Amino acid sequence: VTNPLMDMHSPNIEISARIDDGNGMKVALIPSTNLTKPHTELVGVSNGSNPLEIVVPRFEIKSVEQNTPLAAVTNTILLTLKVNCDLLPGSTVTITGLTGSASRNSVLRIVDHANGLGEQGDWLSSGSMTLTSVGMVRRQTYEARFNLTNPATSQTSPPVRVGGSIKAVFGDMSRVVPIEMDKTGAELQGVPNGSNPLQVLVPTLE
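Bear in mind that the values here come from a model prediction, so they are computed numbers and not experimental data. Numbering of residues begins from 1 in every chain and follows the order in which that chain's sequence is written. Totals for whole chains, interfaces and linings use all residues, but because this is a predicted model, local features are given only for residues with pLDDT of at least 70 and pairs of side-chain atoms are given and counted only at 80 or more. Side-chain numbers here rest on the full set of heavy atoms in the structure, without hydrogens or water.

Draft legend 1. Quick look at the sheet that holds strand β4 (residues 74–83). Taken in spatial order, the 3 strands line up as β3-β4-β9 in an open sheet, and their pairing is antiparallel. Edge strands, defined here as strands with exactly one partner in the open sheet, are β3 (59–66) and β9 (142–149). Adjacent strand axes in the sheet meet at a mean angle of 15°, parallel and antiparallel pairs treated alike. Pairing of β4 with β9, which is carried by 8 bridges, proceeds in the antiparallel orientation. Along β9, the bridge assignment pairs threonine 76 with asparagine 147. Strands are treated as partners if at least two bridges between them are detected by DSSP. The numbering of helices and of strands both runs from the N terminus, where a helix is a DSSP run of H or I of at least 4 residues and a strand a run of E of at least 2. A fitted line through C-alpha atoms serves as each axis, taken over the contacting stretch for helices, and the angle formed by two N-to-C directions is quoted from 0 to 180°.

Draft legend 2. Structural view of the pattern of salt bridges. Here, a salt bridge means any Lys or Arg side-chain nitrogen found within 4 Å of an Asp or Glu carboxyl oxygen. Throughout the structure, instances matching the rule amount to 7 salt bridges. Residue arginine 18 pairs with aspartate 20 through a salt bridge whose shortest N-O separation is 3.0 Å. Residue classification places arginine 18 among the exposed positions, given a relative accessible area of 51%. Under the relative-accessibility criterion, aspartate 20 is labelled partly exposed at 35%. In this structure, the salt-bridge partner of arginine 145 is glutamate 143, at a minimum N-O distance of 3.5 Å. Note on classification: 1.4 Å probe, protein chains only; a residue is buried when its accessible area is under 20% of the maximum for its type, exposed when over 50%, partly exposed between these limits. The partly exposed category is assigned to glutamate 143, whose relative accessible area is 37%. Salt bridges sharing partners connect three or more residues here, namely Glu41, Arg138 and Arg139.

Draft legend 3. Representation of the sheet that holds strand β10 (residues 161–167) in the model. If you walk across this open sheet you meet the 6 strands as β6-β7-β8-β5-β10-β11, and the pairing is antiparallel. Because the sheet does not close on itself, it has two edges, and the strands there are β6 (106–109) and β11 (173–180). Each adjacent strand pair in this sheet contributes to an overall mean axis angle of 20°, direction not counted. With 3 bridges connecting them, strand β7 (residues 120–124) and strand β8 (residues 128–132) associate as antiparallel partners. Among the inter-strand pairings, tryptophan 123 is bridged to a residue of β8, identified as methionine 129.

Draft legend 4. Structural context of the nonpolar core. Leu79, Val93, Ile95, Leu98, Met129, Phe146 and Met181 are the most contacted members of the largest nonpolar core, which has 29 residues in total. Elements with a contribution of two residues or more to this core: β3, β4, β5 (92–96), β8, β9 and β10. Excluding anything up to four places from it in sequence, leucine 98 contacts Trp123, Gly127, Phe146, Leu148, Val160, Pro197 and Leu198. Remark: nonpolar core denotes a set of buried residues (Ala, Val, Leu, Ile, Met, Phe, Trp, Tyr, Cys) joined through side-chain atoms within 4.5 Å. Note on contacts: a residue pair qualifies if any of its non-hydrogen atoms lie within 4.5 Å across the two residues.

Draft legend 5. Local environment of unusual backbone geometry. Not every positive phi belongs to a glycine, and leucine 52 is a case in point at roughly 65°. Topologically, leucine 52 is positioned in the loop between β2 (26–34) and β3. At leucine 198, a position not held by glycine, the phi torsion is positive, near 60°. When you line up the elements, leucine 198 lands in the segment after β11. Taking relative accessible area as the criterion, leucine 198 reaches 0% and is therefore assigned buried.

Draft legend 6. Representation of the pairing of β7 in the model. Burial of the side chains of β7 is restricted to one face: Gly121 and Trp123 are buried, whereas none of Gln120, Asp122 and Leu124 on the reverse face is. Across 4 bridges, β6 lies against β7 in antiparallel orientation. By the bridge assignment for β7, leucine 108 is matched with glycine 121. If you look at the hairpin formed by β7 and β8, you'll find 3 residues sitting between the two strands, and glycine 127 has a positive phi there, around 115°.

Draft legend 7. Focus on the side chain of lysine 37. Tracing the sequence through the fold places lysine 37 in the loop between β2 and β3. For this analysis, a polar contact is any N or O atom pair within 3.5 Å, provided that within protein one partner can donate a hydrogen and the other can accept it, and provided that sequence-adjacent residues contribute only side-chain to side-chain pairs. Of the polar contacts made by the side chain of lysine 37, one reaches the backbone oxygen of proline 11; its length is 2.6 Å. Apart from residues lying up to four places away in sequence, lysine 37 is in contact with Ser10, Pro11, Asn12, Asn50 and Pro51.

Draft legend 8. A nonpolar patch on the surface, seen in detail. Within the patch definition used here, like charges are joined within 9 Å and nonpolar side chains (Val, Leu, Ile, Met, Phe, Trp, Tyr) within 5 Å, considering only residues with over 30% relative accessible area and no salt bridge. For every accessible area listed, the method is Shrake-Rupley and the probe measures 1.4 Å; residues are considered covered only by the protein chains on display. There is a patch of nonpolar side chains on the surface, built from Ile19, Val27 and Ile30 and spanning about 260 Å² of accessible area. Its place among the elements puts isoleucine 30 in strand β2.

See below:
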């Protein structure tokens, strides 16, 4: 059975039977009765063990910020993430829209003190970072940091989105539809909106 692409609660499931004599003649009927469900949590989903209890994976917390808006310097990007289900090992989280960075295609070190994400991420100069889950769970909020190099010219923070693919128990993937991440819009180092990712200013004397 392939699950649907929408949230739904497990339906009532009944079972009944007919007893035949072996020659196609009905001997008796076993009345319909409701099947018992386990009502246990599965991959972080309440009642997830119940048949066709479906949750569409989505990010409940999805913020992004930076630690400096100054041009041509190393800049630490901070992601804060929480998902509505467990991300089994091998699931991926993809950040897109981090455009304008001077960082080239590379494998970057990821710092995650909650140990839900792998120690490395795949960075593409087009502005995407792909992280791999090593066991993210629904009840935990994760903070992941990695370093980029700011461009040498001023720019406004671009729209940044987060999506991913969540590995299911049989190894197939459930897609997380990309959604725009939240920014704090706070002033940083005297720069308006300087906390927003890749909001960059070339310092000048006024």
